[in-house]
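Examination of the molecular architecture
The residues making up each chain are set out below.
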Amino acid sequence: MSLNPRLVKESFSLVEPVADKATAYFYGRLFAESPHLRGMFPPAMDVQRDRLFRALTRVVWSLDSPDGLAAHLGQLGRDHRKYGVLAEHYTAVGNALLATIRRFAAEIWNDEIEAAWVAAYTAAADLMIGSAESDAGVSPAWWLAEVVDHELRRPDIAVVTLRPEQRLPYAAGQYVTVQTARWPRVWRTFSIANAPRPDNTIRLHVRSVPGGWVSTALTRHTRIGDTLMLGPPMGTMTPCEHSTRDVLCVAGGTGLAPLKAIVEHVIASGRRPRIHLLHGARTAAELYDLPDLLRMQESFPWLQVLPVVSGDPSYDGMRGHLPEVTRRFRSWSEHDVYVCGPAGMVEETVLRLRDDGVPPPRIHRDVVRGEH
């Protein structure tokens, strides 16, 4: 059975406008047919529904890029081990997914489209199952990590340092999912804010958001000595190891975390590229990590830290919105560029950089991690 990305995408385009209804139907169908699976999911399903549809959208629109899709599905398969997902669970999920697409794309549904979805899901599930089985022999499903430091930099921002009990293999720029004892089965993603260290500690930059269960628990209720659970590292916004180009990093808010890790990695590599790090916030008080960034700048003369404030006209420094500020400098077309922050800021920055001549393959992007 061969893949037919065109048919999958055409039918999925009818489901996208009714994503909320489709995801609600999917989980209703899944739990009705396999009620024992409900215990694997968090009590509140709103965030889970959003993540399911984002993941499905990415898979559907990446069917024409098999190499990148395979890497992404491999990561998902390894990550799903922490939920207790087994190979037989994929059949129940596949049946519920097929029933959902059939219902919401009913106006064009036929045997050919059904065969295309079966082929696509079977290939995706096989990749995820194979990756999970390969990983089971070499890595734990999750890591226990002790909180060894907790700094409340602002009422809503904490810098949390963790020491996993087992070595956590990751690359600078990646992120992990985090679960607290306060909210079992609720996992949220946070970027790691440092390059790998000999002492195996990792640092997270956490901003609590209204209604954010895990982010609020990490900022307000977590103490030194507490234990957290970490999922396997994920993400592809990692340093270009063999590049000799200079580097631009554009960070909005706590989107600083993975970019700081990338800068640390470049410094430790022995390379000496010029690095411009733009860190934007609404007010000067929200530049929560500026003292540490300035210390990095003092120890590495090739690094230039540029704090940017967008919402305070009295700020005695660079003012403006990050996407616009990047255009005040000379061209970045010969740089490797890393962008992380709120989704709107990332999208606009990437568009402006492309318009200014930066080749798309040199722009590495991610949205800010956490409960946003």
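Residues numbered from 1 in each chain as written. Predicted model: local features only at pLDDT ≥ 70, side-chain atom pairs only at ≥ 80, totals over all residues. Heavy atoms only, no water.

Side note on the side chain of His 364
As for its placement among the helices and strands, His 364 is situated in strand E12 (residues 363–367). You can call His 364 buried: its relative accessible area is 17%. (Helix = DSSP H or I, 4+ residues; strand = E, 2+ residues; numbered from the N terminus. Buried < 20%, exposed > 50% of the residue type's maximum accessible area, 1.4 Å probe, protein only.)

Quick look at the sheet that holds strand E4 (residues 188–191)
In a beta sheet, neighbouring strands pair by backbone hydrogen bonds and run either parallel or antiparallel. The strand order across the open sheet built from six strands is E4-E3-E6-E1-E2-E5, with neighbouring strands paired in antiparallel fashion. Strands at the two margins of the open sheet, each flanked by one partner only, are E4 and strand E5 (202–207). For this sheet, the mean inter-axis angle between neighbouring strands, taken without regard to orientation, is 45°. Inspection of the sheet shows strand E3 (residues 175–179) paired to strand E6 (residues 227–230) by two bridges, in the antiparallel sense. The partner of Gln 179 across the bridge, within E6, is Met 229. (Pairing = 2+ DSSP bridges. Axes fitted to C-alpha atoms, helices over the stretch in contact; angles between N-to-C directions.)

Brief notes about the packing of helix H1 (residues 5–15) against helix H6 (residues 111–136)
Two numbers describe how H1 lies on H6: the axes approach to 9 Å, and their chain directions differ by 105°. Taken as axis vectors, H1 and H6 run roughly perpendicular relative to one another. Contact residues: H1 offers Leu 7, Val 8, Ser 11 and Phe 12, while H6 offers Glu 112, Ile 113, Ala 116, Trp 117 and Ala 120. (Parallel < 35°, antiparallel > 145°, perpendicular 65-115°, else oblique. Contact = heavy atoms within 4.5 Å.)

What to know about the pairing of E6
Taken together, the four bridges between strand E1 (residues 143–154) and E6 define a ladder with antiparallel strand orientation. In the strand pairing of E6, Trp 143 is matched with Leu 230.

Some remarks on helix H2 (residues 19–33)
Over its 15 residues, H2 extends 21 Å from the first C-alpha to the last, a length consistent with the 21 Å expected when each residue adds 1.5 Å. Against the buried residues of H2 lie H1, helix H3 (46–61) and helix H5 (89–104). (Expected span 1.5 Å × (residues − 1).)

Describing the state of the cysteines
Taken as a whole, this structure holds zero disulfides when the rule is applied. Here Cys 240 stays free of any disulfide, with the sulfur of Cys 249 as its closest cysteine sulfur at 11 Å. Sulfur of Cys 249: no disulfide; nearest cysteine sulfur belongs to Cys 340 and is 10 Å away. We classify Cys 249 as buried; its relative accessible area is 0%. (Disulfide = S-S within 2.5 Å.)

Points about the pattern of salt bridges
Applying the stated criterion across every chain yields a total of 22 salt bridges. Residue Asp 64 is joined to Lys 9 by a salt bridge in which the shortest nitrogen-to-oxygen separation is 2.4 Å. Pair noted here: Asp 64 is in the loop between H3 and helix H4 (66–79) and Lys 9 is in helix H1, with a separation of 55 residues, a long-range link. Taking relative accessible area as the criterion, Lys 9 reaches 14% and is therefore assigned buried. Residues Lys 260 and Asp 292 are paired through a salt bridge, measuring 2.4 Å at the closest nitrogen-oxygen approach. With Lys 260 in helix H8 (residues 256–268) and Asp 292 in helix H9 (residues 290–299), this residue pair connects regions lying 32 residues apart in the sequence. (Salt bridge = Lys/Arg side-chain N within 4 Å of Asp/Glu carboxyl O.)

Some points on the nonpolar core
One finds Phe 12, Leu 30 and Trp 117 to be the most contacted residues of the largest nonpolar core, which totals 39 residues. Breaking this core down by element, the ones donating at least two residues are H1, H2, H3, H4, H5 and H6. It is H6 that provides the largest number of residues to this core, a total of eight residues. Setting aside anything within four residues of it in sequence, one finds Phe 12 in contact with Phe 53, Leu 56, Thr 57, Val 60, Trp 61, Ile 101 and Trp 117. (Core = buried A, V, L, I, M, F, W, Y, C linked by side-chain atoms within 4.5 Å.)

Regarding the side chain of His 205
Mapped onto the fold, His 205 is located in strand E5. The exposure class assigned to His 205 is buried, which follows from its relative accessible area of 3%. A polar contact is formed between the side chain of His 205 and the side chain of Tyr 288, at a distance of 2.7 Å. Excluding residues within four positions of it along the chain, His 205 makes contact with Ala 158, Val 159, Phe 190, Ser 191, Ala 193, Thr 254, Leu 256, Ala 257, Lys 260, Tyr 288 and Asp 289. (Polar contact = N/O pair within 3.5 Å; in protein donor to acceptor, adjacent residues only side chain to side chain.)

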